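One letter stands for each residue in the lines below.
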Amino acid sequence: AEDEVALFERDMKEFWIQFKISYGTEQNNQISALRDLCKETLEALSEKWSKKLKEEDLMIDKIHEYNNEILQQSKCIAEKEEQLTEIKSKLNEEQEQQKNLTDSIQELKEELAKKMEIKSSKTKAAKEKVEQVSKIKTLFKEHLALEMRRIPDEQLQFIFRHIDHKDPDKPYVCTLSINEQGDYEVTSCTPPLDCIAELQLKLRETNNFSAFVANIRKAFTALSYK
């Protein structure tokens, strides 16, 4: 019985020894496997995060690049807006100048129209005066021995005869025209009359041409007796 107990104890010891050896080897193998797994995992993670970091760096570079582009575009836009403001300002100035020019042209047109109207009125008045003179030309010639002639520069010459009783054919001449203002103006008088300015003024005031001619004849007649 003691031998069996000793044998059992020896078997038990061998069993534990074998068990410990077997367990220890398996545990070591597991630890080694775990260590290799961890190493591989860490390497994979390291590679993954390294790649991630590189991607993030690239992303950051891209962001910086985009920010620079945006900054340049903003600067360009600001310059364009400034140029546009200047163009609008110049356009407004040109529009104002165009308006002023248009207003000036309109004023000139109105002024020209008024001048043309005045000129037309003066021309009409002058024509009426010439017609008036022409109508009484024959009458004066027949009854007052008066001859009328149209001479250059739109002048009308009056030649009086039968003034000097000593020399009835001696001519007494007065030349009349219509000036730019549309008024009668004596341009010459032969022989000269001291009262010619007064007679001219009276003609302008009354527009009585027949009376003017009659007064000229009277003045010439009075002069012939001096």
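Residues numbered from 1 in each chain as written. Predicted model: local features only at pLDDT ≥ 70, side-chain atom pairs only at ≥ 80, totals over all residues. Heavy atoms only, no water.

Going by an unreviewed UniProt entry, the chain carries the name Kinetochore protein SPC25 and comes from Motacilla alba. According to its UniProt record, the chain has this under Sequence similarities (unreviewed entry): "Belongs to the SPC25 family." (UniProt positions renumbered as here; feature names shortened; annotations may be inferred.)

Asks: Outline the overall build of the chain, listing residues and values.
Replies: In terms of regular secondary structure, the chain is built from three helices and four strands. Counting across all 226 residues of the chain, residues that qualify as buried make up 17%. Contacts in the chain between residues far apart in sequence, at least 24 positions, make up 37% of those at least 6 positions apart. Split by element, the accessible area of the chain, about 18300 Å² in all, is 55% carbon and sulfur. (Helix = DSSP H or I, 4+ residues; strand = E, 2+ residues; numbered from the N terminus. Buried < 20%, exposed > 50% of the residue type's maximum accessible area, 1.4 Å probe, protein only. Contact = heavy atoms within 4.5 Å. Areas by Shrake-Rupley, 256 points an atom, 1.4 Å probe, with all protein chains shown as cover.)

Asks: Could you give an account of the sheet that holds strand β3 (residues 172-178), naming the residues involved and the relevant values?
Replies: With antiparallel pairing, the four strands of this open sheet are ordered in space as β1-β2-β3-β4. Both edges of this open sheet fall to β1 (146-151) and β4 (184-190), since each of them pairs with a single strand only. Going across the sheet, the axis of each strand differs from the next one's by a mean of 20 degrees, ignoring polarity. In this structure, strand β2 (residues 155-160) lies alongside β3, joined through six bridges in antiparallel fashion. Within β3, the residue paired with Ile 159 across the bridge is Val 173. (Pairing = 2+ DSSP bridges. Axes fitted to C-alpha atoms, helices over the stretch in contact; angles between N-to-C directions.)

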